[in-house]
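Structural overview
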Amino acid sequence: SSSSSIDEEFFEELEDILIGADVGVDTTMKIVEQIKERINEEKIKDPQDVDEILKEEVLNMLHFDSDEREVDDSLKVTLIVGVNGAGKTTSIGKLANRYKQNDQKVLLAAADTFRAAAIDQLKIWGDRVGVDVIRHQEGSDPAAVVYDGLQAARARKVDHLICDTAGRLHNKKNLMDELNKISRVIDRELGHPPHEVLLVLDATTGQNALNQAKLFSEVTPVSGIVLTKLDGTAKGGIVLALADELKLPIKYIGVGEGINDLQDFVSEQFVDALFSNSEDLTEN
Amino acid sequence: MMLSRLSEKLQNTLGKLKGKGKVNEKDVKEAMREVRLALLEADVNYKVVKEFVNKVKERAIGEEVLESLTPGQQVIKIVRDELTELMGGEATELNFSDKPPTVIMLAGLQGTGKTTAAAKLANKFKKDNKHPLLVACDTQRPAAIKQLHVLGDQIEVPVFSMGDKQHPADIAKGAIEHAKKNQRDVVIVDTAGRLHVDEDLMTELKQVEEKISPHEILLVVDAMTGQDAVNVADRFNEDLALSGIIMTKLDGDTRGGAALSVKKVTGKPIKFIGTGEKVEELEVFHPDRLSSRILGM
Ligand SMILES: Nc1nc2c(ncn2[C@@H]2O[C@H](COP(=O)(O)OP(=O)(O)OP(=O)(O)O)[C@@H](O)[C@H]2O)c(=O)[nH]1
Ligand SMILES: Nc1nc2c(ncn2[C@@H]2O[C@H](COP(=O)(O)OP(=O)(O)OP(=O)(O)O)[C@@H](O)[C@H]2O)c(=O)[nH]1
Ligand SMILES: [K+]
Ligand SMILES: [Mg+2]
Ligand SMILES: [Mg+2]
């Protein structure tokens, strides 16, 4: 913060920074209240010291115990979900590449049978990475594709099956029911939920992301977030609310359209970027 | 309805003023504090909110308003006027050239809905008895050309493509020549998604613009976008001669604040809104109607 003393103006500026980073009104107010409390309790006078406790509080929000779904199966299944255009298919390409580089045998299932050329798009990613893609005709039942993917994965002794799904807005009941059906097929075949259900979230998204996460979690057991498009100027601050309110961990970040543009989420880096004045994260 | 949450909050806050026979400066300030929060909760950019609230406050605290017989009503009217202004007044039409083909180019961030919007526009023009041509200038995204072909087939509109090895400017130029020879009167150019901070790709887009001088350059913006919408719109507007905006994915439960922000920073009107994945789901945008509905007037 650029203020020289801790006054009303100081807190207003803090609010602007947080809201401007898409942290959202509720979470911003909560953070500001916490900071005010600590300033009182710890008798802090120097704005410089506030920057420290601010980072601490925000990091605290991102750090929590999440129950890891460690099931000792030879086949791991990841289901990728999210709203339209968030970066699901691209993230699958990047993830597949990662697993493959760790010497895992990977298979993809093209269960977005709706979007024009979605199957072709995934196939191109499969070819790039050098992994097979299980696919049906456009317009066919996505749950059937996932089922076939599971069978093929077992028969071929695959280590990791990743299932693409069509983008869908969380307020569309029939599409969410369809996702629930896909999720149940995996559940039934494995005898437990998918090892990972990753909700792909575009970093430019505003406060709507909270509803996305809530409603997707109602139809499939979302286990974490992939935060994409962090190579732009959006800060992706809404994930603070997802972590704080829903205890959803951020697992990966997308930083480009290339095959290697997927990174582990590092909360310290994320928080530094959140408060950096630079509008361009890639220049850091 | 778009912005229904905002609508509810504003009507609540302003409703309290309406009932009062006398309104003082403190009442206005109190109401404006709540208006500010409502707008921020709707994802309206915080700088835009600050300016908006200050403007309304200044006008409302003026003598004539508070001394009038219906001060509450007056304040609400000021909010409505300023909201309409923020969203761009009346609906704005597309510019069709007297010398066909009319050339329309789409641009925007990755995944906002450009390719879908291209097909939706083509579908609309076809229904209006025009003869559109879709042009595949996205040489980046895997299967982007195929996607446009699939959509073109669906609506029975021809698609011009030259693969992904040519420069988009040359593809676009080729398409216009093709349109002239084949009596296509509207050319719709789909482009690859790109970040506003990606110098190389923004340059590419400028090259397309220079080569084909489009009659319309529409920025496609995802309605779910939060605070960053203004940075994006501002930058695209700087680099290209934008003529308007298409706001997509308004069929979600989005707060839609981006719609209130982008007009402000670019000065360019929202011309269409996307309300679904299907090719028919495109509507003309009427800001004046929306602001009245938001305030329940
Ligand atoms: N700059 C940038 N672009 C990305 C990133 N991830 C994905 N994209 C781009 O975003 C666009 C949409 O990505 P997709 O993977 O097709 O998104 P999707 O969620 O599968 O989309 P639907 O299946 O249509 O819902 C593409 O142009 C991608 O190249 C990222 O991390 N950074
Ligand atoms: N619900 C909804 N989905 C939409 C709308 N417009 C587009 N989509 C979906 O959003 C996703 C991305 O749309 P595209 O048209 O591929 O977006 P794009 O901007 O061309 O993407 P890139 O070329 O990768 O930058 C697809 O799943 C579309 O079906 C809309 O108005 N509502
Ligand atoms: K998006
Ligand atoms: Mg996809
Ligand atoms: Mg496209």
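So, here is what we can say about the structure in this document. Note that the coordinates shown come from a computational prediction; the quantities given were computed from them, not determined experimentally. (Residues numbered from 1 in each chain as written. Chains lettered and ligands numbered in written order. Predicted model: local features only at pLDDT ≥ 70, side-chain atom pairs only at ≥ 80, totals over all residues. Heavy atoms only, no water.)

What about the site of ligand 1?
By nearness alone, 23 residues border ligand 1, and A:K88, A:T89, A:T90, A:R115 and A:E257 come closest of all. Mapping the residues adjacent to ligand 1 onto the chains of the assembly identifies chains A and B. Within the contact set of ligand 1, an oxygen atom lies 2.8 Å away from a backbone nitrogen or oxygen of A:G87. Contacts to ligand 1 include A:T90, whose side-chain N or O atom sits 2.5 Å from an oxygen atom. A per-element tally of the shell around ligand 1 places helix α4 (residues 88-101) of chain A first, with four residues. (Near = heavy atom within 4 Å. Polar contact = N/O pair within 3.5 Å; in protein donor to acceptor, adjacent residues only side chain to side chain. Helix = DSSP H or I, 4+ residues; strand = E, 2+ residues; numbered from the N terminus.)

Focus: the coordination of the potassium ion (ligand 3)
Note on the potassium ion (ligand 3): its protein donors are A:D202 (OD) and B:D222 (OD). The metal-donor distances range over 2.6 to 2.9 Å. Of this pair, A:D202 sits in strand β5 (residues 196-202) while B:D222 sits in strand β5 (residues 216-222), each in a different chain. On the accessibility criterion, A:D202 (11% relative accessible area) is buried. Since its relative accessible area comes to 10%, B:D222 is described here as buried. (Donors = N, O, S within 2.8 Å, 3.2 Å for Na, K, Ca; no water. Buried < 20%, exposed > 50% of the residue type's maximum accessible area, 1.4 Å probe, protein only.)

Re the sheet that holds strand β7 (residues 250-254) of chain A
Hydrogen bonds between backbone atoms are what pair the strands of a sheet, whose relative direction is either parallel or antiparallel. All names here are of chain A. Here we have eight strands laid out as an open sheet, ordered β3-β2-β4-β1-β5-β6-β7-β8, and mixed in their pairing. The strands lining the two open edges of the sheet, one partner per strand, are β3 (132-134) and β8 (262-264). Ignoring strand direction, the axes of neighbouring strands in this sheet form an average angle of 25 degrees. Across the sheet, helix α6 (residues 142-155) is in contact with β1 (76-81), β2 (106-111), β3 and β4 (160-165); its angle to β2 comes to roughly 165 degrees. (Pairing = 2+ DSSP bridges. Axes fitted to C-alpha atoms, helices over the stretch in contact; angles between N-to-C directions. Contact = heavy atoms within 4.5 Å.)

Quick notes on the site of ligand 2
If you check the shell around ligand 2, you find 23 residues, and the closest are B:G113, B:K114, B:T115, B:T116 and B:R141. More than one chain lines the surroundings of ligand 2; the residues nearby belong to chains A and B. One of the side-chain nitrogen or oxygen atoms of B:R141 is found 2.4 Å away from an oxygen atom of ligand 2. In the model, an oxygen atom of ligand 2 is placed 3.3 Å from a nitrogen or oxygen of the B:G274 main chain. In isolation ligand 2 exposes 650 Å². Once the protein is present, 96% of that is buried. Counting residues per element, the shell around ligand 2 draws most heavily on helix α6 (residues 114-127) of chain B, which supplies four residues. (Areas by Shrake-Rupley, 256 points an atom, 1.4 Å probe, with all protein chains shown as cover.)

Some thoughts on the sheet that holds strand β1 (residues 102-107) of chain B
All names here are of chain B. Ordered by their spatial adjacency, eight strands build an open sheet running β3-β2-β4-β1-β5-β6-β7-β8, and the pairing between neighbours is mixed. Edge positions in the sheet fall to β3 (159-160) and β8 (282-284), since each of these pairs with one other strand and no more. Across four bridges, the pairing between β1 and strand β4 (residues 186-191) is parallel. Looking at β4, one finds that V103 is bridged to V187. Here helix α7 (residues 144-155) sits on the sheet in contact with β2 (132-137), β3 and β4, set at roughly 165 degrees to β2.

Side note on the packing of aromatic side chains
Given two aromatic rings, one states the distance between the centres and the angle between the planes to describe the pair. A complete count under the given rule lists three aromatic pairs over all chains for this structure. Ring geometry for A:F10 against A:F11: centres 5.4 Å apart, planes inclined by 80 degrees, an arrangement best described as edge-to-face. Residue classification places A:F10 among the buried positions, given a relative accessible area of 2%. According to the relative accessible area criterion, A:F11 is buried, its value standing at 9%. Consider the rings of A:F265 and A:F270, whose centres lie 5.3 Å apart with planes at 55 degrees: the pair is tilted. Grouping residues by exposure puts A:F265 and A:F270 together as buried. Note that A:K247 overlies the ring of A:F64, its terminal NZ or CZ placed 5.6 Å from the centroid. Taking the ring centre of B:F96 as reference, the NZ or CZ of B:K130 above it sits at 4.3 Å. (Phe/Tyr/Trp six-rings, centres within 6.5 Å; stacked < 30°, edge-to-face > 60°. Lys NZ or Arg CZ within 6 Å of the ring centre and 35° of its normal.)

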